[in-house]
Amino acid sequence: KDTTAWTIGRICELHVRAIPQETFPTLVNGLSEKLLTEPPQVASQACYALHNLASAFSDDDAGSTSGTNALSAYMQPLLEKLMQVVDRSDADEKNLRVAAFEAVSALIQNAAPDCKPLLKKLLPVIVERLQKSFTISFLTNEDKEHIEGVQGLLCGLIQVLVLQLEVEAVAPQGDSIMSNLLQVLQLKNATCHEEAFSAISAVCDKLEAGFVKYMDALAPFLEMGLKNFQAFHVCSIAVGLVGDIARSIESRIQPYCNLIMTALVESLRNPALHRSVKPPVLSCFGDIAMALEAGFEPYMNVSLMMLMQASQTIVPEDDEELMDFVNQLREAVLEAYTGIIQGLKDGGKTELLGPFIVHIIQFLETLGSDENKDYEVLSKAAGLLGDIASAMGRQAATLLNKPFVNQLLSEAYENGDANTQETCNWAKSVIQQAVQP
């Protein structure tokens, strides 16, 4: 039974299109029957198969046009049964609980529009489960880890539900969701923090400007996440959350910016921080600048100094892994410059760019002549040239007349997709306007 369920799981993962349509009901019902009656190893494989079956609908466009898919008829009984699996007394064995949560998550993510009412009802049920988990007493460290493991998994489900639902379904639950997620952030468990911050990101994206009401309560936890250099995954997700908040609440992020910017700069200066976090931190400067516009002025000098420092990182020819990292770093620097320039332009403060524009152009010139740059870097560099011309006009004419500018735009156009080519055409036209006498 164990190997049969595993084999079915592999077929669902690799050859789902080969499963005959008439076999689908038998397959789903057969796997569903094994969830509560079989030992953990068989039930876990049944969860794995259902997860793969649901995941196969991720690129199913028919669901969005017709409003339904083949999973819809089974969604409610499957979700109910999988949540019962989570409560099985032997769910800790053979990774069963995690497998059941992953199957629930895949079903939610790939649910057709006609399942939205069901997902709307499921959200408060999952939030209530999380709330009740804080009242469970534990005697041993093992019990504590078990409860925190479940809390992390419940945060993951809240995230996928919020992403799937409309704002009208999420907003009434907002206070309850956020108070429980903030309680998770009080635990001393890095995995739980990752899941809670990811779920908060989803709430923030959904509520947009309405998210501002949670900022006072969130701010100390956000600062803690940004300074969690040891658990760098937590730090990285917290940085991503700052970007989401900046895009959602825009200038209303201003009261929290001293705290956020101090933490971001500290992270860049900390030699212990994993290097993978540095590109998102740099990119985040651009998100904050776009949100604050002219209000970014107090942070200009420190941000630009950090960006100039990062832009000077040299690529070693013989280290491919490091070469990839440097390209990610450069991409982030370009995104940050773009955000800062656009933010200052919208805020009518482009004169603040004066002392830095020569350095930015020098960086772009260095990129233009570097054979190790990737296409993403090229595309963003082309866009930044256009933004400089658009924001500074005649003031930047001499710098934009340099021979490398046309070469970089031509190279980006030749190697880019349709979006990059459109960006290059736009950049050429605004540069032409800026340099013509």
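Heads up: the structure comes first, above all this text.
Draft legend 1. Spotlight on the overall build of the chain. Scanning the chain from N- to C-terminus turns up 22 helices and zero strands. Oriented by its inertia axes, the alpha-carbon framework of the chain measures out at about 80 × 50 × 45 Å. Burial status across the chain gives 51% buried among its 437 residues. Taking the intrachain contacts of the chain between residues at least 6 apart in sequence as the baseline, contacts between residues at least 24 apart amount to 75%. For the chain, the exposed area adds up to about 20400 Å²; of that, 50% sits on carbon and sulfur atoms. The centroid of the 31 positive side-chain charges in the chain is displaced by 4 Å from the centroid of its 55 negative side-chain charges.

Draft legend 2. Spatial organisation of the packing of aromatic side chains. Scanning the entire structure with this criterion turns up five aromatic pairs. Members of the aromatic cluster, each reached through a chain of ring pairs, are Phe24, Phe57 and Tyr74. Sitting above the plane of the Phe325 ring, Arg275 keeps its charged end 5.1 Å from the centroid.

Draft legend 3. Spotlight on the side chain of Asp387. For Asp387, the location among the structural elements is in helix H19 (residues 375-392). No salt bridge is formed by the buried Asp387; the nearest opposite charge belongs to Lys345, separated by 6.8 Å. Every residue in contact with Asp387, bar those within four places of it in the chain, is listed here: Thr338, Ile341, Gln342 and Trp426.

Draft legend 4. Just the pattern of salt bridges, in detail. Taken as a whole, this structure holds 23 salt bridges when the rule is applied. Arg275 is paired through a salt bridge with Glu321; the nearest N and O atoms lie 3.3 Å apart. Of this pair, Arg275 sits in the loop between helix H14 (257-269) and helix H15 (278-292) while Glu321 is found in helix H17 (residues 320-346), placing the two residues 46 residues apart along the sequence. Here Glu411 and Lys373 are joined by a salt bridge, their closest N and O atoms 3.5 Å apart. Taken as a pair, Glu411 in helix H21 (residues 403-415) and Lys373 in the loop between helix H18 (357-369) and H19 lie far apart in primary sequence, 38 residues in all. Its relative accessible area of 29% is what places Glu411 among the partly exposed residues. Among the charged side chains, a network of salt bridges with common partners joins Glu331, Glu335, Glu376 and Lys380.

Draft legend 5. How the structure looks around the nonpolar core. Within the largest apolar cluster, 162 residues are counted, with the highest numbers of intra-cluster contacts made by Phe211 and Leu364. When residues of this core are assigned to their parent elements, the largest contribution, 12 residues, is made by H17. Leave out the neighbours within four places in its chain, and Phe211 touches Met178, Ile200, Val203, Cys204, Leu218, Ile245 and Ile249.

Draft legend 6. Fine view of helix H12 (residues 215-226). When H12 is considered as a whole, its buried residues turn out to be Met215, Leu218, Ala219, Phe221, Leu222, Gly225 and Leu226. Where the residues of H12 are buried, they touch helix H10 (174-184), helix H11 (190-207), helix H13 (232-249) and H14.

Draft legend 7. Structural view of the packing of helix H7 (residues 116-133) against H10. Taken N-terminus to C-terminus, the directions of H7 and H10 make an angle of 35°; their axes are 10 Å apart at the nearest point. For the crossing formed where H7 meets H10, the hand is left-handed. Along the contact surface, H7 presents Leu123, Val127, Leu130 and Gln131, while H10 presents Ser176, Ile177, Asn180, Leu181 and Val184. Residue composition of the contact of H7 with H10, grouped by class: six nonpolar, three polar and no charged.

Draft legend 8. Structural context of unusual backbone geometry. A positive phi is found at Lys94, a non-glycine position, where the angle reads about 55°. With respect to the element layout, Lys94 can be found in the loop between helix H5 (72-86) and helix H6 (96-109). Overall, the relative accessible area of 56% leaves Lys94 in the exposed class. For Asn95, which is not glycine, the phi torsion reads 60° and is therefore positive. By the element assignment, Asn95 lies in the loop between H5 and H6. Residue classification places Asn95 among the partly exposed residues on the basis of a relative accessible area of 47%.

Draft legend 9. Broad picture of the side chain of Asn372. With respect to the helices and strands, the residue Asn372 is situated in the loop between H18 and H19. Overall, Asn372 belongs to the buried group, its relative accessible area being 19%. What Asn372 contacts, discounting residues up to four positions off in sequence, is Val315, Glu317, Met323 and Asn327.

Draft legend 10. Here's a closer look at the environment of Ala381. By the element assignment, Ala381 lies in helix H19. Overall, the relative accessible area of 1% leaves Ala381 in the buried class. Considering only alpha carbons, one finds Ala381 and Ile245, 136 residues apart in sequence, at a separation of 26 Å. Setting aside chain neighbours within four positions, we find Ala381 in contact with Leu334, Leu364, Leu367 and Leu408.

The rules behind the values
Residues numbered from 1 in each chain as written. Predicted model: local features only at pLDDT ≥ 70, side-chain atom pairs only at ≥ 80, totals over all residues. Heavy atoms only, no water. Helix = DSSP H or I, 4+ residues; strand = E, 2+ residues; numbered from the N terminus. Buried < 20%, exposed > 50% of the residue type's maximum accessible area, 1.4 Å probe, protein only. Contact = heavy atoms within 4.5 Å. Areas by Shrake-Rupley, 256 points an atom, 1.4 Å probe, with all protein chains shown as cover. Lys, Arg positive; Asp, Glu negative; His and termini not counted. Charge placed at Lys NZ, Arg CZ, Asp CG, Glu CD. Phe/Tyr/Trp six-rings, centres within 6.5 Å; stacked < 30°, edge-to-face > 60°. Lys NZ or Arg CZ within 6 Å of the ring centre and 35° of its normal. Salt bridge = Lys/Arg side-chain N within 4 Å of Asp/Glu carboxyl O. Core = buried A, V, L, I, M, F, W, Y, C linked by side-chain atoms within 4.5 Å. Axes fitted to C-alpha atoms, helices over the stretch in contact; angles between N-to-C directions. Left-handed = near helix turned anticlockwise from the far one by under 90°. Nonpolar A, V, L, I, M, F, W, Y, C, P; charged D, E, K, R; others polar.

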